[in-house]
Amino acid sequence: MSLSQFAKAALLVAAGLLFAAGARAQDLEIRFKTTPQIEHLRPYADPATMSLLIAGSDGRPVRQGTVHIRLDAPRSGRFFSTDFPWVEGSRLQEMRLDLSQGRANWKYLFPIRGQYRLGVDVETRDGKKASKEFTFRIREREEKWAILAGFSVALVCLGFVAGRIFTRVPAAAIALALGLCLASDGFTANEKASDGDDAALEIEPPTVGTPALLHWHAPVAATGEGSPEALSLSIVHLEKGKTAFELERIPIVGDFSMKFEFTDGAEYRVSALGEQAGKPPRRSEKIISATALEPPTRAMIPAFAYFIGLIVLGLGAGRWSKRGRVRGRA
Amino acid sequence: MEKIFAGWLGLGVSEQSSFLIKSAIFLFVCGTTLFVALGASYPAVHDTLHNARHALAVVPCH
């Protein structure tokens, strides 16, 4: 076989393999939806029910399989940061769920505005695989933009008034000594005690911006039996009183692990309820405190530059208005 | 009176320079106040103004 013949054969084989892989992936259809719809979701408003439906080529839900889910936070904006800069671009969730009637459902409270990326890898019991990435945008709460607009107007007005006052008196400079010293020694909260009365739930000490490993394990007596246990897991933001994440009665055999980012430096209650037929339910609960981090300087500079810029604008406008009036009188 | 006092101290400056100096001092005071209110991590200030910081949408918090 000549070299060109060999190259052609290799190309044909590669093309065939690619076609087969594509056809195989196309056997499964992955659908994603949220309730309420994405356009109605707002950061830290109410948790959304996230649903994945995996269907075969015939449109019927896949009976058995697992789905690997990765949720990534929006990347940093071009100029302004969000109010949670450490969350930007980080991995919010990573978990593997068993499909139930082709579905996987969970609840999640989105922390910031922007474009999220949800990566889904599906593997059915009969070996079929498919992957898909969904992107969707969460818009900021309208009242926040209104408050920012009001604050911006107030800063311009402040500068305007100051500009007029400073223009009126062309006199000496007044020396003003300011000794403002700020001792900022950070406010990172330490992890607080957890009421680990049941060791079934283990949580890595969480820090904002880094996913923490959350591990739930069945009791030693149950692990060997192989019978599925229905696990309900919820993470509640105590200060806001909102559910940040929730899984309801997902079938688990053995242990369950997931990576979850606690996006706010606050206290959370993590509750797990394991239910198995013929046995009393096992409840585990922990109160954890996510360690907060001081915002990075690169995230603070644009906001403060914007605010100072507004005051400068007001100063200029105030001076211009005053001098214009004086010229008009002359 | 202010002019006489300024002249006596040797601080007489043009109106434009006066405006610039006053504006610079004003901006420094405003900037410091804004930083303390919206950027300082001192717990007493942070906790009091935590909600205000988040309400402004573009001010980074923890």
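Keep in mind that this is a model prediction, so the values were computed, not measured.

Thoughts on the sheet that holds strand β7 (residues 129-138) of chain A
Residue and element names in this part refer to chain A. Taken in spatial order, the seven strands make up an open sheet running β7-β6-β3-β4-β12-β9-β8, and their pairing is antiparallel. Edge strands, defined here as strands with exactly one partner in the open sheet, are β7 and β8 (201-203). Direction aside, neighbouring strands of the sheet carry axes that sit 15° apart on average.

Points about the packing of aromatic side chains
What describes a pair of aromatic rings is the distance from one ring centre to the other and the angle between the planes of the rings. Evaluation of the coordinates by the stated rule reveals 18 aromatic pairs over all chains. Ring geometry for Phe 260 of chain A and Phe 262 of chain A: centres 5.1 Å apart, planes at 80°, overall edge-to-face. Among the residues examined, Phe 260 of chain A registers a relative accessible area of 2% and is labelled buried. The structure contains a cluster of three or more aromatic residues connected by ring pairs, namely Phe 32, Tyr 108, Phe 110, Tyr 116, Phe 134, Phe 136, Phe 245, Phe 260, Phe 262 and Tyr 268 of chain A. Residue placement shows Lys 240 of chain A over the ring face of Tyr 44 of chain A; its charged tip is 5.0 Å from the ring centre. Against the face of Phe 19 of chain B rests Arg 319 of chain A, its NZ or CZ located 4.3 Å from the ring centre.

Looking at the confidence of the model for chain B
Overall, the predicted model of chain B reaches an average pLDDT of 84, with 81% of residues at or above 70. Taken element by element, chain B is modelled with least confidence in helix α1 (residues 2-9) of chain B, mean pLDDT 59, and with most confidence in helix α2 (residues 15-38) of chain B, mean pLDDT 92.

Re the interface of chain B and chain A
Tallying the contact residues gives 40 residues for chain B and 51 residues for chain A. Approximately 4100 Å² of surface area, both sides summed, lies buried where chain B meets chain A, with 74% of it carried by carbon and sulfur atoms. Among the residues chain B hides against chain A, the three largest losses belong to Phe 19, Val 58 and His 62 of chain B. Together they make up 18% of the total. Inspection of the region where chain B meets chain A yields two salt bridges. Where chain B meets chain A, there are seven residue pairs in polar contact (both at pLDDT 80 or more). Where the side of chain B that touches chain A is concerned, the elements lending two or more residues are α1, α2 and α3 (43-55) of chain B. Looking at the side of chain B that touches chain A, the element that brings in the most residues is α2 of chain B, giving 19 residues. A class-by-class count of the residues in the side of chain B that touches chain A yields 25 nonpolar, 11 polar and four charged.

Looking at the sheet that holds strand β5 (residues 103-108) of chain A
All names here are of chain A. If you walk across this open sheet you meet the seven strands as β1-β2-β5-β11-β10-β13-β14, and the pairing is antiparallel. The sheet is open, and its two borders are formed by β1 (29-35) and β14 (282-289), each paired with just one other strand. Taken pair by pair, the neighbouring strands of this sheet meet at an average axis angle of 15°, ignoring direction. Both β5 and strand β11 (residues 242-252) contribute to a ladder of two bridges, which runs antiparallel. For Lys 107, the partnering residue across the bridge sits in β11 and is Glu 246.

Cut-off values and rules
Residues numbered from 1 in each chain as written. Chains lettered and ligands numbered in written order. Predicted model: local features only at pLDDT ≥ 70, side-chain atom pairs only at ≥ 80, totals over all residues. Heavy atoms only, no water. Pairing = 2+ DSSP bridges. Helix = DSSP H or I, 4+ residues; strand = E, 2+ residues; numbered from the N terminus. Axes fitted to C-alpha atoms, helices over the stretch in contact; angles between N-to-C directions. Phe/Tyr/Trp six-rings, centres within 6.5 Å; stacked < 30°, edge-to-face > 60°. Buried < 20%, exposed > 50% of the residue type's maximum accessible area, 1.4 Å probe, protein only. Lys NZ or Arg CZ within 6 Å of the ring centre and 35° of its normal. pLDDT = per-residue confidence, 0-100. Contact = heavy atoms within 4.5 Å. Buried area = accessible area lost by both parts, 1.4 Å probe. Salt bridge = Lys/Arg side-chain N within 4 Å of Asp/Glu carboxyl O. Polar contact = N/O pair within 3.5 Å; in protein donor to acceptor, adjacent residues only side chain to side chain. Nonpolar A, V, L, I, M, F, W, Y, C, P; charged D, E, K, R; others polar.

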